[in-house]
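Examination of the molecular architecture
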Amino acid sequence: MYIALTKAYASETIKVYSERQPFLIEPLINQYEEQTGNKIEWIFSKKGLVQKTILEKDRPVADIFLSSDIARLIDITEAGANVEIPLQKNVPSNLQTNDWTSLTMRARVIYAHNDLQLEKISYEDLILPKYKDRVCTRSGYHPYNISLFSALIAHHGVEWFEDYIVKLKANLSRKPQGNDRDQVKAIYAGVCDVSIGNHYYYFKMMDDPNQIIWLEKVSPIFPNQDSYGSHVNISGIAIINNKNYDASIDFLEFLLNEEAQKIYANDNNEFPVNVNVKASERVQALANNAKFDSIDLQEIASNRKAVLDILNKINFDG
Ligand SMILES: [Fe+2]
């Protein structure tokens, strides 16, 4: 489907601070530019953009902030560096507010050694005695884990979580280190049996000739199918400048249209947030109709401070 965007405003340059590289969605950006006459200026950086946005909030340089994690969007909105946006009609209510909207969704899954022959597992299972010295993870302070831990507090409370995280640390086979894929490599190498990682790394490993071998012994499982569903994080967007507001909203809505959602989600093997758009076939095959935690992301974010305090208290990474 091709959605014509023919609003009558002079052509604008929309500057996007992005934690995501533009090259895979370049065709989409080109299409938007052709349709509207607007120009998209993509300013990519993996680090420092939140700080920059907050520092510049009284004189914003960019119009849009595009994040690969909910926490960074909340940092911006808590600092008052964003402009309100209307709710988007095809995006579930737990995945948007008037401060930000999601663009794609990713699940935090559990990777397990195939010899365990697990059909299901939960985040709560990771502290079972049978996983003593058999769990691997990246730093507890990585935004992906902070978000998961915040969700656990939302479901079980702070006291429960404090007990959980002590037991999780006791079950680790080594100090938290590396990225999500390094944990899968460690399972393959026999260092541990289970790890936590985002679902799309499965496809990144599958598409990498040096990493695909790890998947001979390791499989992802969408956790908590018997309870609240697998934890999800998002990539999302906030508008950070009043000046280019109409054009910025226009671009935001463009990224949520059906055609754009397909391209944008498939670029990283994620789930589209537009309810009318299906994930790619291979993502659907992997997820197998998995249930996702529908808890409000804003509520999860409000537990971040409690998570950090507890991680510090027990020196989780040490
Ligand atoms: Fe990632």
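The model shown is predicted, which means the values in this text are computed figures rather than measured ones.

With respect to the overall build of the protein
What the protein contains, in helices and strands, is 12 helices and 9 strands. The C-alpha atoms of the protein give 20 Å as radius of gyration, which agrees with the globular expectation for 318 residues (20 Å, within 12%). By its C-alpha atoms, the protein is 65 × 40 × 30 Å across when sized along the principal axes. Long-range contacts, defined as pairs at least 24 residues apart, comprise 79% of the intrachain contacts of the protein with a sequence gap of at least 6. In the form shown here, the protein has an accessible surface area of approximately 14,100 Å², with 49% of it arising from carbon and sulfur atoms. Seen as two clouds, the 34 positive and the 42 negative side-chain charges of the protein have centres 5 Å apart.

Brief notes about the coordination of the iron ion
Around the iron ion, the protein contributes the donor atoms Tyr144 (OH), Tyr200 (OH) and Tyr201 (OH), which lie 2.1 to 2.2 Å from the metal centre. Written as a sequence motif, the donor arrangement for the iron ion is Y-x55-Y-Y. With a gap of 57 residues between them, tyrosine 144 in helix α4 (residues 143–156) and tyrosine 201 in helix α7 (residues 201–206) connect regions that are remote in the sequence. Of the two residues, tyrosine 144 and tyrosine 201, neither departs from the other in class, the shared state being buried.

A word on the packing of aromatic side chains
A complete count under the given rule lists 11 aromatic pairs for this structure. Aromatic side chains phenylalanine 149 and phenylalanine 161 sit 5.6 Å apart centroid to centroid with 45 degrees between the ring planes, which places their arrangement in the tilted category. Of the two residues, phenylalanine 149 is situated in helix α4 and phenylalanine 161 in helix α5 (residues 158–171); the sequence distance between them amounts to 12 residues. For the residue pair phenylalanine 149 and phenylalanine 161, the accessibility class agrees, reading buried in each case. Ring centres 4.9 Å apart and planes at 15 degrees place the aromatic pair tryptophan 160 and tyrosine 164 in the stacked group. One end of the pair is tryptophan 160 and the other is tyrosine 164, both in helix α5 and 4 residues apart, which spans about a single turn.

Topic: the domain arrangement of the protein
Domain boundaries in the protein define domain 1 (13–104 + 234–287) and domain 2 (107–230 + 297–314). Between the C-alpha centres of domain 1 and domain 2 there is a distance of 27 Å. Each partner contributes residues to the interface: domain 1 has 22 residues there, and domain 2 has 16 residues. Of all residues in domain 1, the largest losses of buried area upon contact with domain 2 belong to Asn268, Arg282 and Leu286, amounting jointly to 33% of the total for that side. Summed over the shared surface of domain 1 and domain 2, the number is 2 salt bridges. Among the salt bridges present, the one from aspartate 207 reaches arginine 282, with a minimum N-O distance of 2.8 Å. For the side of domain 1 that touches domain 2, the secondary structure elements donating two or more residues are α3 (70–78) and α10 (281–287). Here the element with the most residues in the side of domain 1 that touches domain 2 is α3; it accounts for 6 residues. Across the side of domain 1 that touches domain 2, the residue classes break down as 10 nonpolar, 6 polar and 6 charged.

Quick word on the environment of tryptophan 160
Exposure remark for tryptophan 160: the relative accessible area of 27% places this residue in the partly exposed category. Ignoring any residue separated from it by four or fewer positions in sequence, one finds tryptophan 160 in contact with Glu124 and Leu152.

Concerning helix α6 (residues 180–188)
For α6, the set of buried residues is Asp180, Gln183, Val184, Ala186 and Ile187. The arc enclosing the buried residues of α6, seen along the axis, measures out at 155 degrees, which places them on a common side. Note on α6: the residue one or two positions beyond its end, glycine 190, has a positive phi of about 90 degrees.

Conventions used here
Residues numbered from 1 in each chain as written. Predicted model: local features only at pLDDT ≥ 70, side-chain atom pairs only at ≥ 80, totals over all residues. Heavy atoms only, no water. Helix = DSSP H or I, 4+ residues; strand = E, 2+ residues; numbered from the N terminus. Rg over C-alpha atoms; globule rule 2.2 N^0.38 Å. Contact = heavy atoms within 4.5 Å. Areas by Shrake-Rupley, 256 points an atom, 1.4 Å probe, with all protein chains shown as cover. Lys, Arg positive; Asp, Glu negative; His and termini not counted. Charge placed at Lys NZ, Arg CZ, Asp CG, Glu CD. Donors = N, O, S within 2.8 Å, 3.2 Å for Na, K, Ca; no water. Buried < 20%, exposed > 50% of the residue type's maximum accessible area, 1.4 Å probe, protein only. Phe/Tyr/Trp six-rings, centres within 6.5 Å; stacked < 30°, edge-to-face > 60°. Domains from an automatic or database assignment. Buried area = accessible area lost by both parts, 1.4 Å probe. Salt bridge = Lys/Arg side-chain N within 4 Å of Asp/Glu carboxyl O. Nonpolar A, V, L, I, M, F, W, Y, C, P; charged D, E, K, R; others polar. Arc of directions from axis to C-beta.

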